[in-house]
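# Results of the structural survey
Here are the chains, one letter per residue:
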Amino acid sequence: KIDFLSHKMSFFSFGQSAEIDVVLNDADTRKKAEHKTEDGKKDKYFLFYDGETVGGKVNVTLKNPGKRLEHQGIKIEFVGQIELYYDRGNHHEFVSLVKDLARPGEITQSQTFDFEFTHVEKPYESYTGQNVKLRYFLRATVIRRLNDISKETDIVVHTLSTYPELNSSIKMEVGIEDCLHIEFEYNKSKYHLKDVIVGKIYFLLVRIKIKHMEIDIIKRETTGTGPSVYHENDTIAKYEIMDGAPVRGESIPIRLFLAGYDLTPTMRDINKKFSVRYYLNLVLIDEEERRYFKQQEITLWRKGDVVRKSMSHQAAIASQRFEGSAASESALEQAAKEESG
């Protein structure tokens, strides 16, 4: 709306206006990534990483050739900002770089300006959540006395992590005295976004009638500080472990593939504005519809693009390490079944 109005106003007030277009240098070869917009739709944007140079051209196209366009300067900015939805209009910029493309003067014909922001720091991952948005964009502006003409072009940034050195398994016991006692174990506490969660559940004591059991992946977004903290919990995945009553001594394997779900890396205290954390929630429901659950935080991280072996192969390797080599063949079969199913 603003772009349209500024074009219209400048057209009427000075008899000349312009359209601005930003074209990246490597637009033909640069990879694009899907990213959710505020309305929940997914669009594709050019993908960048921390430290990469952002360069290209700004095209200023005059709408009425032959008429001059007076301006107070032409500039391009690279901006990284966080917007909290309950504090609209108040943008927190954590990256703000400016390049002047032209000094005040006039344009008599359409012109192209080159720009380059070298080795730009992009410390955080792009994120669109329930209450917060972190975005990176280029903003080209023709500065004018009454109304600027500007164009914003969004990009997406992914943060990559290296394999965590300490990645202990998660072992927990949960129980209700004299009624229920179970132990559960997951092979790791830190998972990359295409990983497989491998685990097992042991029933040591079962005196209540359990009819259903599942694992949920819960995403918790926290925004704000002090008294104005907002928590949004979102159930990303539900994985049914069993339907029916378990017996004492039974052990149930878990194999949960993360690749199919809409997950981001864990984000902790980003610019002191927001956090995104993930939890595995083990839920048991008895015949009287009572719910018992135990929650455990896991860390998610984004792995660099390497040649990926098939998910089934990954699952087999993970379960081999976890359950011992005897289970490897059945793990491979099971994984292949899950993948084809």
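Each remark here, short or long, concerns the structure printed above.
These notes cover the structure that comes with them. Every chain is numbered independently, its residues counted from 1 as its sequence is written. In keeping with the model being predicted, local features are shown solely for residues with a pLDDT of at least 70 and side-chain atom pairs are shown and tallied solely at 80 or more, while totals for entire chains, interfaces and linings include all residues. As a convention, hydrogens and water are excluded, and side-chain values are obtained from all of the structure's heavy atoms.

## Focus: the sheet that holds strand β1 (residues 18–24)
At least two bridges found by DSSP between two strands is the condition for calling them paired. Working definition: helices are DSSP H or I runs of at least four residues, strands are E runs of at least two. Numbering for both runs from the N terminus. Across the sheet, three strands lie side by side as β1-β4-β9; this open sheet has antiparallel pairing. The open sheet is flanked by β1 and β9 (111–117), the only strands paired with a single partner. The mean inter-strand angle of the sheet, taken between neighbouring strand axes irrespective of direction, is 20 degrees. Strand direction decides the pairing type here: strand β4 (residues 54–62) and β9, joined by seven bridges, are antiparallel. Directly across from valine 60, in β9, lies its bridge partner glutamine 111. Axes here mean lines fitted to C-alpha atoms, for a helix over just the part in contact, with angles spanning 0 to 180 degrees between N-to-C directions.

## What about the pairing of strand β18 (residues 230–243)?
Examined bridge by bridge, strand β17 (residues 210–223) and β18 share twelve bridges and lie antiparallel to one another. Bridge pairing in β18 links isoleucine 217 to alanine 237. Where β17 folds back onto β18 in an antiparallel hairpin, the turn is made up of six residues, including glycine 224, whose phi is positive at roughly 85 degrees.

## What about the side chain of aspartate 286?
As for its position among the elements, aspartate 286 is in strand β21 (residues 274–286). Between buried and exposed lies partly exposed: a residue is buried under 20% and exposed over 50% of the maximum accessible area for its type, with that area taken using a 1.4 Å probe on protein chains only. For aspartate 286, a relative accessible area of 2% corresponds to the buried category. Here a polar contact means two N or O atoms within 3.5 Å. Within protein one must be a hydrogen donor candidate and the other an acceptor candidate, and residues neighboring in sequence count only if both atoms are side-chain atoms. A polar atom in the side chain of aspartate 286 sits 2.8 Å from the backbone nitrogen of arginine 290. In terms of polar contacts, aspartate 286 uses its side chain to reach the side chain of tyrosine 292, at 2.9 Å. Not counting the four nearest positions on each side in its chain, aspartate 286 is found in contact with Lys209, Ile210, Lys211 and Tyr292. Residue contacts follow a heavy-atom distance rule, with two residues in contact if any of their heavy atoms lie within 4.5 Å.

## Side note on the pairing of strand β13 (residues 170–176)
In this sheet, strand β14 (residues 180–186) lies alongside β13 in antiparallel orientation, the contact comprising seven bridges. Looking at the pairing, isoleucine 176 lines up with leucine 180 of β14. Between β13 and β14, which follow one another and run antiparallel, lie three residues, and aspartate 178 among them has a positive phi close to 60 degrees.

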